[in-house]
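Structural characterization, general
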Amino acid sequence: MANAMMASTRPAGALPVEGQLPSLSGAVAWLNSPPLTPQALQGKVVLIDFWTYSCINCLRALPYVKGWYERYHDQGLVVIGVHAPEFAFEKNLDNVSRAVRDLGISYPVALDNNYAIWQAFNNQYWPAHYFIDAQGQIRGHHFGEGDYADSEQLIRQLLSESGAKQLPAPGAAISVSGVQAARTSPT
């Protein structure tokens, strides 16, 4: 079952360096892009989004990830969805392709059926977001749903550090319905 735990290592002030962007070569296929490498991503701010299409927590985070991609792509943000299947049916390329299309995902998606990228990041959660600076250093992460404003601020900080000028205003609240709507507390 997907872990909905929320954790963040974003300290006030200076951001830590948590390591280097590992290889993405373990993907069994790529959608919306040819295979990407850390070398090809140098100079770009990268958001790695570990997700799987039947995870409710991933589906709830997806509108924010898509919004960040749309808002900041022209300023140098690259979003890579790393689809790490939880169940056997999620390994099927046709199923993942259909989900990517139906969910309106236009950024690159790496299919990590063998968990090679997952293990390279030492990841344990769906969804998990890793924020990489223009030098290829992991500068923060977030596990689970929530803290979207903080995540966006981290993206903005990394883009500013990389020299991006005149960033668009931070995103307005995302309005979604159905399975992508945020969880509500029982009354």
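Report follows, based on the coordinates. Positions within a chain are numbered from 1, following the residues in the order the chain's sequence is written. Restriction of local features to residues with pLDDT of at least 70 applies here, the model being predicted, together with a cutoff of 80 or more for giving and counting side-chain atom pairs; totals for whole chains, interfaces and linings are based on all residues. Computation of side-chain values: all heavy atoms of the structure, hydrogens and water removed.

This part covers the overall build of the chain. Think of it this way: any DSSP run of H or I at least four residues long counts as a helix, any run of E at least two long counts as a strand, and we number them from the N terminus. When helices and strands are tallied, the chain shows 4 helices and 8 strands. Along the chain, helices and strands appear, N-terminal first, in the series β-β-β-β-α-β-α-β-α-β-β-α. In this scheme, a residue with accessible area under 20% of its type's maximum is buried, one over 50% is exposed, and one in between is partly exposed, where area comes from a 1.4 Å probe on protein chains only. Across the 187 residues of the chain, 51% fall into the buried class. Sequence-distant contacts, at least 24 apart, represent 78% of the contacts inside the chain between residues at least 6 apart. What makes two residues a contact is simply this: any of their non-hydrogen atoms within 4.5 Å.

Remark: the centre distance and the inter-plane angle together describe each pair of aromatic rings, the angle taken between the planes. Only Phe, Tyr and Trp rings take part, Trp by its six-membered ring, and two of them pair if their centres are within 6.5 Å. Stacked means planes under 30 degrees apart, edge-to-face means over 60, and tilted covers everything else. Summed over the entire model, instances satisfying the criterion amount to 13 aromatic pairs. A centroid spacing of 5.8 Å and a plane angle of 85 degrees characterise the contact between F50 and W118, whose relative ring orientation is edge-to-face. With a gap of 68 residues between them, F50 in strand 4 (residues 45-51) and W118 in helix 3 (residues 116-120) connect regions that are remote in the sequence. Taken individually, F50 and W118 each receive the classification buried, so the pair is uniform in this respect. Ring geometry for Y53 against F89: centres 6.2 Å apart, planes inclined by 70 degrees, an arrangement best described as edge-to-face. Highlighted residues: Y53 in the loop between strand 4 and helix 1 (56-72) and F89 in the loop between strand 5 (77-83) and helix 2 (93-102), separated in sequence by 36 residues. Assessed through its relative accessible area of 44%, F89 is described here as partly exposed. Cluster of aromatic residues (ring-pair linked, three or more members): F50, Y115, W118, F121, Y125, W126, Y130 and F143.

Geometry only, nothing functional implied.
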